[in-house]
Structure formats: C-alpha cells, structure tokens
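Architecture and fold: a report
These are the residues of each chain, in order.
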Amino acid sequence: MFKGSITALITPFKNGLLDEDALRRLVEWQIAEGTHGLVPTGTTGESPTLNFDEHKQVIDITIEAARGRVPVIAGTGSNATDEAIDLSRHAEKSGADGLLIVNPYYNKPTQDGLYAHFKAINDAVGIPIVIYNIPGRTNVDMSVATMARVFELKNVVGVKDATANLARVSQQRAAMGPEFIQLSGEDATALGFMAHGGHGCISVASNVAPRLCAEFETMLMKGDFAAALKMQDRLLPLFDALFVETNPGPVKYAASRLGLCSAEMRLPMTPISDAAKKVVDAALAKAGLLQAAAAE
C-alpha cells in the first residue's frame, strides 16, 4: 500500500505566511521526479508551528495537487487526542490515502495511554493509519508489544520507525508479520532497514533529491543491494548534512539553494549557521545536485 521513497514534505513560507504556489510546485516536481508518495504536515513540514487552519490547508493543497497520482499520507498527530481526531477526520474528508499519527509528545503517556490514543483515532476514521514512532522527538517509545496490540485495530497498517534501531525492524516483523508496513524514518539507515524487511522510507533528503532517492528505494525493493550501496555512498553526505542542525533547517536551506522555495522557517526555528550552510552545499555538490563552483 505504502512503499518506496515517500517524501516528508517541507512547508514553504513567504513573509511569514504559507506559500501556496511554492507548495503546489513542490508537489508537482516531486511526482515528476518519481517520488512514490508524499507526507505533508509531519515533523519536516513544521507542523508544530502551523495553526489548525494552516495545517488543514497544507493537507488540502497537497491532496489537490497530487490528484491521486501518488499516495498522500497526511500528518495528523497531536499530543491531544481530540485534536488528532479533528485533523484526521479533516484529512479523510479531504481525500488523504492514509494518516501518519505521531506518538503523543510532551505528555509521556504509558503504553496503555498510547494504545488508548491510537484506538480513539482509529475508531473515528476509516482510512489507513501509520504509527510514527520517534522517541527522540516525543520522549516516548512504543514497545513492540504495544505496537502488536495497536496493529489489531482495523485501520492501523504500519509504522514509520525513527528509532534508528535496526533490530526493531526484525522484531516488529516477527511480532506483526510481513504484511505490517515498515517505513524507515531515517535516510542514513534506510538501506539496513530494508535489508531487515522494511518497505520504504519517509525521507527528508527526497525533498531535494527525489529522483535519486526514488531510484535508491527501487533498488532496495528489488533486492539489488550492491547497486543500492553505491547510491548510498553517493547520498550519505547529503543524508548526514541535512541533520547537521535541527531538521528542517538544513533541508529548507538546501531547497532554497535549488530554487525550490525560501529557506524561511518560523520561530523557534532559526536560519542555519554559515558553517552548516557550507556542509549542506558540499553535500549537494557531492550528490551532483549543485555545481561545485556554485557551492563555493
């Protein structure tokens, strides 16, 4: 259902406001370059600084611009269950193919609390739900046992795993079976993730290298790990550079260097440092996305 290179879309801003035209261009370019799916309003989409109207608007624009050509998995998570339900119902009504629901952040719920949160959202909608397990952002880790319990809910189909623990892929596969969709949440470990039985990657790097990331994931889905390793060597500097400072600062700067949109973010996110810019420029050049001369 959801597989391959799925872009965790940035949200373009202009003078403090949502840049709708740039967002539409991004979606069109992503699809033209071969991206297998889109995730608006996730971490990379700066969902914490979008108000509810903007959050829904970004989802609507992405779905409208995609026109059913690739799946759209809308980020509709919140640390308040009622808010997550409201966003999820809107995304379903708008035509989203699925929902990406992050573990509630800041609250630090118990495993029972995680289950109750996902059950409430599951019971309120009728489209596929992907769990987003990212302990580094939420300070709570959904255990394999809880994930197996959540997978029993009718709409839950898989996980975006950003634990960086490759053993989890095999552990989750053993607990839920190969039909449980496992998507990596980390570009740098996606190759190993796929070798353990993963199905794809919700990628930050594919914002600026969609064709290369799609080719990379296609190699992995075909089991051509030798070719994928060569692509990994080419892309690893980019994978690392896009986290030289807090995401999405580096990827938004990279997008601006490629003329895709402004690097503008909202406070408390601030522009990346000059030193970080040099790292990103060098990585773009290494990947063949920016001429070396232009990076100087």
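Residues numbered from 1 in each chain as written. Predicted model: local features only at pLDDT ≥ 70, side-chain atom pairs only at ≥ 80, totals over all residues. Heavy atoms only, no water.

The subject of this paragraph is the overall build of the chain. When you go through the chain residue by residue, the secondary structure sums to 13 helices and 10 strands. For 296 residues, the compact-globule estimate of 2.2 N^0.38 gives 19 Å, and the C-alpha radius of gyration of the chain, at 18 Å, lies within 12% of that figure. Projected onto the principal axes, the alpha-carbon positions of the chain cover approximately 55 × 45 × 35 Å. Residue burial in the chain is summarised as follows: out of 296 residues, 54% are buried. Summarising the internal contacts of the chain: among those between residues at least 6 apart in sequence, 71% fall at separations of at least 24. (Helix = DSSP H or I, 4+ residues; strand = E, 2+ residues; numbered from the N terminus. Rg over C-alpha atoms; globule rule 2.2 N^0.38 Å. Buried < 20%, exposed > 50% of the residue type's maximum accessible area, 1.4 Å probe, protein only. Contact = heavy atoms within 4.5 Å.)

Moving on to the packing of helix α6 (residues 144-151) against helix α7 (residues 166-176). For the pair α6 and α7, interaxial distance at closest approach is 10 Å and the crossing angle is 45°. Classified by the interaxial angle, the pair formed by α6 and α7 is oblique. The crossing of α6 and α7 is right-handed. Between α6, through V144, M147, A148 and F151, and α7, the contact on the second element is made entirely by R168, Q171, Q172, A175 and M176. Taken together, the residues that form the contact of α6 with α7 break down as 6 nonpolar, 2 polar and 1 charged. (Axes fitted to C-alpha atoms, helices over the stretch in contact; angles between N-to-C directions. Parallel < 35°, antiparallel > 145°, perpendicular 65-115°, else oblique. Left-handed = near helix turned anticlockwise from the far one by under 90°. Nonpolar A, V, L, I, M, F, W, Y, C, P; charged D, E, K, R; others polar.)

Next up on the list: the environment of L235. Counting through the fold element by element, L235 comes out in helix α10 (residues 225-241). By relative accessible area, L235 is classed as buried at 0%. Spatially, the C-alpha atoms of L235 and V150 are 34 Å apart, while their sequence positions differ by 85 residues.

The parallel open sheet is built from 8 strands, whose spatial order is β4-β1-β10-β9-β8-β7-β6-β5. The two strands at the open ends of the sheet, each matched to only one other strand, are β4 (37-39) and β5 (73-75). This sheet shows a mean twist of 30° between the axes of neighbouring strands, independent of strand direction. Where strand β8 (residues 156-161) and strand β9 (residues 181-184) come together, 4 bridges link them in parallel fashion. Looking at the pairing, D161 lines up with S184 of β9. (Pairing = 2+ DSSP bridges.)

Moving on to the packing of aromatic side chains. Enumeration according to the criterion identifies 2 aromatic pairs in this entry. When the centroid spacing of 6.3 Å and the interplanar angle of 45° are considered together, the rings of F216 and F239 count as tilted. Residue F216 is located in helix α9 (residues 210-221), and its partner F239 is located in helix α10; the two are separated by 23 residues in the primary sequence. A relative accessible area of 2% places F216 in the buried class. Relative accessible area serves as the criterion here: at 3%, F239 is assigned to the buried category. Geometry around Y115 places R149 over its ring, the cationic atom sitting 3.8 Å from the centre. (Phe/Tyr/Trp six-rings, centres within 6.5 Å; stacked < 30°, edge-to-face > 60°. Lys NZ or Arg CZ within 6 Å of the ring centre and 35° of its normal.)

Attention now moves to the packing of helix α1 (residues 20-32) against helix α2 (residues 52-66). The contact between α1 and α2 brings their axes to 9 Å, and the two run at 40°. The pairing of α1 with α2 is recorded here as oblique in orientation. The handedness of the crossing between α1 and α2 comes out as right-handed. Residues E20, L23, R24, V27, E28 and I31 of α1 pack against Q57, V58, I61, T62, E64, A65 and A66 of α2. Tallied by class, residues from the contact of α1 with α2 come to 7 nonpolar, 2 polar and 4 charged.

Another aspect to go through is the environment of E92. Along the chain, E92 falls in helix α3 (residues 81-94). Between the alpha carbons of E92 and A74 there is a distance of 8.8 Å; along the sequence they are 18 residues apart. Among residues more than four places away in sequence, those in contact with E92 are A124, V125, G126 and I127.

Residue P248 is reached from N247 by a cis peptide bond, and omega for that bond is 10°. Within the fold, P248 resides in the loop between α10 and α11 (249-257). Residue P268 is reached from L267 by a cis peptide bond, and omega for that bond is 15°. Mapped onto the secondary structure, P268 falls in the loop between α11 and α12 (274-286). Positive phi values are uncommon outside glycine, yet E46 reaches one of about 55°. Considering the arrangement of structural elements, one finds E46 in the loop between β4 and α2. Judged by relative accessible area, E46 falls into the buried class, the value being 3%.

Geometric values such as these leave the question of function open.
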